[in-house]
Amino acid sequence: MDKLYLLLTESGLANLSLGEFVMILVGLGLIYLAIAKRFEPLLLLPIGIGAVLVNIPGAGLYDAPVYGDAGELLSPGGLLYYIFTLGIDTGIFPLLIFMGVGAMTDFGPMLANPKTLLLGAAAQFGIFATLLGALGLNETGWFNYSLEQAATIGIIGSADGPTSIFISSQLAPEILGAVAVAAYSYMALVPIIQPPIMKLLTSSKERQIEMKQLRPVSKRERIMFPLMLLVLVAMFLPSAAPLLGMFCFGNLMRESGVVDRLSDTTQNALINIVTIFLGLGVGAKLNSGEFLNLETLGIFVLGIIAFAIGTATGVLMAKGMNMVSKSKVNPLIGAAGVSAVPMAARVVNKVGLQANNQNFLLMHAMGPNVAGVIGSAIAAGVMLSFLA
């Protein structure tokens, strides 16, 4: 009888707090969105599982190892603790993801139309606008974001999950869970968030603009570009070298044509394995003590504002380019300047086809879409150089 009483009083159910119960529901909600709605399932599914596991009382999956006075190991620590510490706290997992993204990226559309680099750069305005917005919220007295936290929240506007996680792990690990969930949630909601903004800022005539077929890009250009990009940016902004270095290395494996096995592994097996552990590690930060507070709500609100501003500034930059350029661009492609590759480009193509059923903008939109990835990495490097 005593053993039964002890079992019941030490069970997870008996020790479950209201906060842990709420966070388990949040984890189950993420799993539902991943499976039923297919919202970024590759990340939201493992994040959701991680959130459920870390909030089970007594499971100890995020417990740190405990050592005795003589240095002997008393408790080995939990699985999620090691996944987070070794892969996310060090920044390794986001960097490996960036290498995989680079191996899957085609710079051809951007090289064929280099002015789309400006659209990718313009879309990063949302990052810095939201940084200022987060600091401004402190004046209300309800929030207390540090400069590092404000910079981390701003990065959500790039719609680049690995970059958001990398910056958060370096500057503000205490809000990593909220930042990661916000970033990937809004990336999944691109088809819902972006079209109203795009239509609001463009006329029907502008949306019907047809763009010329892109010129062929030579193999030499494709090989030289990632090398030049890495060297030039790293020399001027060394803090951006980790992200851009992995991105350019992955792309060089793809374009060189001499390491097909490595390229294939990076694009498939490696990135899939790392994605599993990255999701579990992020989910480990969704514990009730760190997630259930007013600052988390502010992160979600500021995140969608950042995303909306990035979308709007990309479209407005395209409209501005049309005022000074003879060769017109469809302003819709500016919305692809955020880094949600390739979803943002697909949304641009869909909205363009709605306006003109002969208007195929997918490859044109991939130019600013890829430029947005570069822009977000550079923006992250700027944040790190000033704040890390």
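Residues numbered from 1 in each chain as written. Predicted model: local features only at pLDDT ≥ 70, side-chain atom pairs only at ≥ 80, totals over all residues. Heavy atoms only, no water.

A word on a nonpolar patch on the surface
At step 1: On the surface, Met224, Leu227, Met228, Val231, Leu232, Met235 and Phe236 cluster together to form a nonpolar patch covering roughly 780 Å² of accessible area.
At step 2: In this structure, Met224 sits in helix α14 (residues 219–236). (Patch = residues over 30% accessible without salt bridge, like charges linked within 9 Å, V, L, I, M, F, W, Y side chains within 5 Å. Areas by Shrake-Rupley, 256 points an atom, 1.4 Å probe, with all protein chains shown as cover. Salt bridge = Lys/Arg side-chain N within 4 Å of Asp/Glu carboxyl O. Helix = DSSP H or I, 4+ residues; strand = E, 2+ residues; numbered from the N terminus.)

Examining the side chain of Thr202
At step 1: Positionally, Thr202 belongs in the loop between α12 (190–201) and α13 (204–207).
At step 2: Residue Thr202 is classed as buried on the basis of its relative accessible area of 7%.
At step 3: Side-chain polar atoms of Thr202 contact the backbone oxygen of Met198, separated by 2.6 Å.
At step 4: Each residue touching Thr202, except ones within four places of it in the same chain, is listed here: Arg207, Val315, Lys319, Pro331 and Leu332. (Buried < 20%, exposed > 50% of the residue type's maximum accessible area, 1.4 Å probe, protein only. Polar contact = N/O pair within 3.5 Å; in protein donor to acceptor, adjacent residues only side chain to side chain. Contact = heavy atoms within 4.5 Å.)

Some words on the pattern of salt bridges
At step 1: The final tally for this structure, using the stated rule, is 5 salt bridges.
At step 2: The shortest N-O distance in the salt bridge between Asp106 and Arg222 comes to 2.4 Å. Here Arg222 lies in helix α14 and Asp106 lies in the loop between α5 (92–103) and α6 (108–112), a separation of 116 residues in the sequence.
At step 3: Looking at Asp106, the relative accessible area reads 21%, which means it is partly exposed.
At step 4: For Lys319, the salt bridge identified is with Glu206, shortest N-O distance 2.9 Å. Taken together, the residues Lys319 in helix α18 (residues 294–324) and Glu206 in helix α13 connect sequence positions 113 residues apart.

Re the nonpolar core
At step 1: Ile299 and Val348 are the most contacted members of the largest nonpolar core, which totals 104 residues.
At step 2: Take this core: its biggest share by element is 12 residues, from helix α20 (residues 362–387). (Core = buried A, V, L, I, M, F, W, Y, C linked by side-chain atoms within 4.5 Å.)

A short note on α20
At step 1: Taking 1.5 Å as the rise per residue, α20 with 26 residues should run 38 Å; its terminal C-alpha atoms sit 37 Å apart, in good agreement.
At step 2: Burial analysis of α20 places 20 of its 26 residues in the buried class, which makes it a mostly covered element. (Expected span 1.5 Å × (residues − 1).)

Describing unusual backbone geometry
At step 1: Pro342 follows Val341 through a cis peptide bond whose omega is -10°.
At step 2: Within the secondary structure, Pro342 sits in the loop between α18 and α19 (343–355).
At step 3: Not every positive phi belongs to a glycine, and Arg38 is a case in point at roughly 55°.
At step 4: Looking at where Arg38 falls in the secondary structure, it is placed in the loop between α2 (18–36) and α3 (41–54).
At step 5: Among the residues examined, Arg38 registers a relative accessible area of 67% and is labelled exposed.

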